[in-house]
Amino acid sequence: MKFLLRFLLSLALVLSVFACQPNTSTQNTAVTTKLPPPELKRMSYEQYGIDVQSKQVLQDTLEEDQFLKDVLSPHQVTPATIDKIERIAAPIFDVRRMRAGNPFTLIKNQQQLDYFIYERTPADFVVIDLRDSVEVYEGQRKVVLRQQGLGGFINSTLFETIQSKGLEVQISKRLEEIFAWSVDFSYLDAQDYFKVIYEEAFVDEVSIGISQIRAVQFHHRGQDYFAFGYNQDSLVRYFDENGRSVVRTFLRTPLKYTGASSSEASEPVTEGKNTFTYVASKGTPILAVGDGTIANMKQSRKWGKQIRVDHGQLYATEYLRLGEFRDSLEAGQTVNQGEVIGFVGRNENAGLGSFTFRLRKQGRTINPSDLTMPDAPSVSEEHQKPFMKIKEKWMRQLDEIPLKENHQSFSSTS
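Residues numbered from 1 in each chain as written. Predicted model: local features only at pLDDT ≥ 70, side-chain atom pairs only at ≥ 80, totals over all residues. Heavy atoms only, no water.

**Considerations on the pattern of salt bridges**
Within this structure, the stated rule accounts for 16 salt bridges. Residues Arg 146 and Glu 205 are paired through a salt bridge, measuring 2.8 Å at the closest nitrogen-oxygen approach. You can see Arg 146 sitting in strand 6 (residues 144–153) and its partner Glu 205 sitting in the loop between strand 7 (193–203) and strand 8 (206–220), a full 59 residues away along the chain. You can call Arg 146 partly exposed: its relative accessible area is 24%. A residue is classified by how much of its surface remains accessible, and Glu 205, at 60% relative accessible area, is exposed. (Salt bridge = Lys/Arg side-chain N within 4 Å of Asp/Glu carboxyl O. Helix = DSSP H or I, 4+ residues; strand = E, 2+ residues; numbered from the N terminus. Buried < 20%, exposed > 50% of the residue type's maximum accessible area, 1.4 Å probe, protein only.)

Take a look at the structure:
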């Protein structure tokens, strides 16, 4: 009797559970047909200038090998309309160049697609309006610039020091570009340090990168190097504390040190009179140290692949034992200062490679360190007073950045 009672109670419990369980196929069908619009990640009137009240908004990112027709066709946009979009958009934006990973937004009014919005960058977007006739236009989100300060001692390389602190690595690249004429980043001392004031750009409170370097102090081998951004003739250039341009006729080093290559590099080794060999990771870019013309490109048994660049009538530079020439480079071609002309090759010395560099003046090989490199144009006379006023402001703020702290924010926004 007790066994029968327990059996009946268990059976009733099981039946009640199944009675409460919904039909799986019915539930799936309901979700498919009545799924509400996805939660809006960043959509608002202020962002695109479009009223999305009572409209369905779909947001996604472009996938590999996904084209405009793949995005629009499932929303009843005809092939003829897609062709029309491509023609109208052509003067503004080539829809065939949409990049995988970039976000896009679809705005629908019931079953009709009203807008397709493609984000070219975090700040710039393209709107395709399909409501009446096809219209294509560009837009931009509000960008907020915040002034930031950063300072610290260099533990190994500038790149690694900034990266190890979780800070914006763009800063190291910008600083290497600014001081390419005065600091050899292949050989930094343990007591070297830097302080920099820069503007960081934000969209919807999300950082989209470094906008501009405002001021820098770089302490290298006991000497301070300064650079201050100043708008002269509608172009921002960098000048030192005396108003002289930081740009010189020749770069300090013919190597582009970035990432791991800079940590493995060393001072150039003298190989014969005024002939220098640089050691770096295989594949490290080799740069033209000044504007010039490719005089010749050849290969010999002694010097391997080599390039000679003529810089006017007085100077020439030679790059010997290259691993590879840059693609599309040829004799007679003009190259700009800092332009990549080749790459470090041969693996040796625990995975490192090398190449040889020479500087010639009127055919005679000279030591680059003995060359007095003329400066680019300085701050003009009419800009001297405003430049000095701005420079003093930046100098005071650089002084306020403590080296013990890795990052200091200022309250200034624009």
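That covers the picture; the talk isn't over yet.
**Comments concerning the side chain of His 220**
Within the element layout of this structure, His 220 appears in strand 8. At a separation of 2.8 Å, a polar atom in the side chain of His 220 contacts the side chain of Asp 192. When residues no more than four places from it in sequence are discounted, the contact partners of His 220 are Val 183, Asp 184, Tyr 187, Leu 188, Asp 192 and Tyr 225. (Polar contact = N/O pair within 3.5 Å; in protein donor to acceptor, adjacent residues only side chain to side chain. Contact = heavy atoms within 4.5 Å.)

**Description of the side chain of His 219**
With respect to the helices and strands, the residue His 219 is situated in strand 8. Here Asp 224 takes part through its side chain, which lies 2.8 Å from a polar atom of the side chain of His 219. Look past the residues within four positions of His 219 in its chain and what remains in contact with it is Gln 191, Asp 192, Tyr 193 and Asp 224.

**Details of the sheet that holds strand 5 (residues 135–140)**
Taken in spatial order, the five strands of this open sheet run 1-2-3-4-5, and their pairing is antiparallel. Every interior strand has two partners, whereas the edge strands, strand 1 (56–61) and strand 5, have only one. In this sheet, adjacent strand axes meet at a mean angle of 20° when their direction is disregarded. (Pairing = 2+ DSSP bridges. Axes fitted to C-alpha atoms, helices over the stretch in contact; angles between N-to-C directions.)

**Examining unusual backbone geometry**
Its identity as a non-glycine residue notwithstanding, Asp 65 has a phi of 60°, on the positive side. Considering the arrangement of structural elements, one finds Asp 65 in the loop between strand 1 and helix 4 (68–72). Residue Asp 65 is classed as exposed on the basis of its relative accessible area of 66%. The phi torsion at Arg 321 lies on the positive side, around 60°, for a residue other than glycine. For Arg 321, the location among the structural elements is in strand 16 (residues 315–322).

**Here we look at helix 7 (residues 170–178)**
Every buried residue of helix 7 is listed here: Ile 171, Ser 172, Leu 175, Glu 176 and Ile 178. The buried residues of helix 7 occupy an angular sector of 160° when the element is viewed end-on, so they sit on one face. (Arc of directions from axis to C-beta.)

**Brief notes about the packing of aromatic side chains**
Taken as a whole and assessed by the stated rule, the structure comprises 10 aromatic pairs. Between Phe 104 and Phe 116, the aromatic rings sit 5.8 Å apart at their centres with planes inclined by 35°, giving tilted as the arrangement. Of this pair, Phe 104 sits in strand 2 (residues 103–109) while Phe 116 sits in strand 3 (residues 112–119); the two residues are 12 residues apart in sequence, bridging distant segments of the chain. A single burial state applies to Phe 104 and to Phe 116, both of which are buried. Put simply, the rings of Tyr 230, Phe 239 and Phe 387 pair up and form one aromatic cluster. Over the ring of Trp 303 we find Arg 358, and its NZ or CZ is 5.0 Å from the ring centre. (Phe/Tyr/Trp six-rings, centres within 6.5 Å; stacked < 30°, edge-to-face > 60°. Lys NZ or Arg CZ within 6 Å of the ring centre and 35° of its normal.)

**Describing the nonpolar core**
With 27 residues, the main nonpolar core has Ile 286, Ile 307, Tyr 319, Ile 341 and Phe 355 as its most contacted residues. When contributions to this core are tallied by element, the ones reaching two or more residues are strand 12 (276–281), strand 13 (285–287), strand 15 (304–311), strand 16 and strand 20 (352–361). What Ile 286 contacts, discounting residues up to four positions off in sequence, is Pro 254, Leu 255, Tyr 319, Leu 322, Glu 339, Val 340, Ile 341, Gly 342, Phe 343, Val 344 and Phe 355. If you look at the next biggest cluster of nonpolar residues, it comprises 22 residues, including Ile 178, Leu 188, Ile 213 and Tyr 225. (Core = buried A, V, L, I, M, F, W, Y, C linked by side-chain atoms within 4.5 Å.)

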